[in-house]
Amino acid sequence: MPGSKCLDRYLPAKCLVQMMMNYKSQYAAIALFSGGLDSLLVIKWMQKSGYIVYPVYFLTPYMPIERALESAAANNIDLIVRDISKEHMEMMQDPQIVFGKHMNPCIDCHALMFKMAGDMLEELGAHYLVSGEVVGQRPMSQRKDAMNRVGKLSGYRDLLVRPLSQKLLRDTKPILENWVDKADMLDISGRGRYRQLALAQELGIKNFPAPAGGCLLTDRNYSLRLKDLMQHKQTDLLNMELLKYGRHFRLSHSCKLIIGRDESENRKMEDLHAGTYVKALDIAGPLGILSGKCDDPDVHKLALDIFWYYHPKAPAEGKTVITTDGDSAEHNCFKADLETIKKHRLSFD
Ligand code: SF4
């Protein structure tokens, strides 16, 4: 039963026997879980309809996992978490990729997630894949033709089931071979959320996040910073993590400055152990991080002058402390002007 030990990823024989007694089908699905309402609905709907479902969350640098963990915990879902950051970032470098309005390659991203889930089928003893996609809900990735393309690109097209819309879609192997009863599938389509909200109520789903705001690749400022990192070939995991915090400045081909916007960002940036930190001497202020090779004297001076600009109450001239791997040195600095800030800041605002 859902939530029982038989949902463990390694199934002992006695669990398999129990499953065949308790479930409608002996065939199990891996469900792609994002934390959003549609993926919650699919898991709960399939479980309620008597199917074995293993919810999997794919970790990337662009989706805050907290959102998914909260909504899984609130809805009693046991999540399997897999880190696909490396594969996702490799995919982002592919020149064939089709981006959405910002740096969101939704079709390729869905396809990659289906591929990674498909590659886990044998490991989990599962047979097919389900997701919360709804026909016509998103202009880029959830048109019928785009959903077909996702299936094709993933290499698992014939094992995909989209339970919220499957009655409107081509039958795939799990339906044709009666692993899944088509009568259990739904026919939701379009951008409206009325039917999903009614279903959520029926299934007792609570605490689901708002539809927008999950993926950083749909944020224009984040996308600008990511594009800059890609152009400068600096998409290592530390730089990707740093993209989530602070104000970012491109100072040279190899050097970036990041300045925390509040106490919580300062703390998170410090915890990343990013290498070279900048702080003001004797006065309170933000934390700065110098990322990349910043030893050119002009670039170094520029970094400190920009850093000093973000100490509005400080005099025009001041002193900073730069710490690299435990070694600290004091440097003079002079407040940069607004033109310099605008020239180097990676932001539309
Ligand atoms: S919104 Fe982000 S996570 Fe979702 S499919 Fe698009 S790129 Fe992937």
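Keep in mind that this is a model prediction, so the values were computed, not measured.

Reading the values: the criteria
Residues numbered from 1 in each chain as written. Predicted model: local features only at pLDDT ≥ 70, side-chain atom pairs only at ≥ 80, totals over all residues. Heavy atoms only, no water. Pairing = 2+ DSSP bridges. Helix = DSSP H or I, 4+ residues; strand = E, 2+ residues; numbered from the N terminus. Disulfide = S-S within 2.5 Å. Near = heavy atom within 4 Å. Nonpolar A, V, L, I, M, F, W, Y, C, P; charged D, E, K, R; others polar. Domains from an automatic or database assignment. Contact = heavy atoms within 4.5 Å. Buried area = accessible area lost by both parts, 1.4 Å probe. Salt bridge = Lys/Arg side-chain N within 4 Å of Asp/Glu carboxyl O.

### Here we look at the pairing of strand 11 (residues 327-334)
Step number 1: Relative to strand 11, strand 10 (residues 317-324) runs antiparallel, the two being bridged by 8 bridges. Residue pairing in the sheet places Thr324 in a bridge with Asp327 of strand 11.
Step number 2: Linking strand 10 to strand 11, which pair antiparallel, is a turn of 2 residues; within it Asp325 sits at a positive phi near 45 degrees.

### Some points on the state of the cysteines
Step number 1: Inspection of every chain in the model, using the stated rule, returns 1 disulfide.
Step number 2: Summary of cysteine pairing: Cys333 is not part of a disulfide, and the nearest cysteine sulfur, belonging to Cys255, is at 15 Å.

### Points about the site of the ligand
Step number 1: Surrounding the ligand, one finds Met63, Asn104, Pro105, Cys106, Cys109, His110, Cys215 and Leu217.
Step number 2: Here the shell around the ligand is built from residues that sort into 6 nonpolar, 2 polar and no charged.

### Describing the domain arrangement of the chain
Step number 1: Taken as a whole, the chain is organised into domain 1 (5-216) and domain 2 (219-344).
Step number 2: Between domain 1 and domain 2, the C-alpha centre-to-centre distance is 39 Å.
Step number 3: Listed by partner, the interface residues are 10 residues for domain 1 and 12 residues for domain 2.
Step number 4: When domain 1 packs against domain 2, the two sides together hide about 1100 Å² of surface, and 72% of this comes from carbon and sulfur.
Step number 5: The largest contributions to the domain 1 side of the interface with domain 2 come from Met89, Met103 and Leu216, which together make up 50% of the buried area.
Step number 6: Scanning the region where domain 1 abuts domain 2 turns up 0 salt bridges.
Step number 7: Broken down by class, the residue content of the side of domain 1 that touches domain 2 amounts to 7 nonpolar, 3 polar and no charged.

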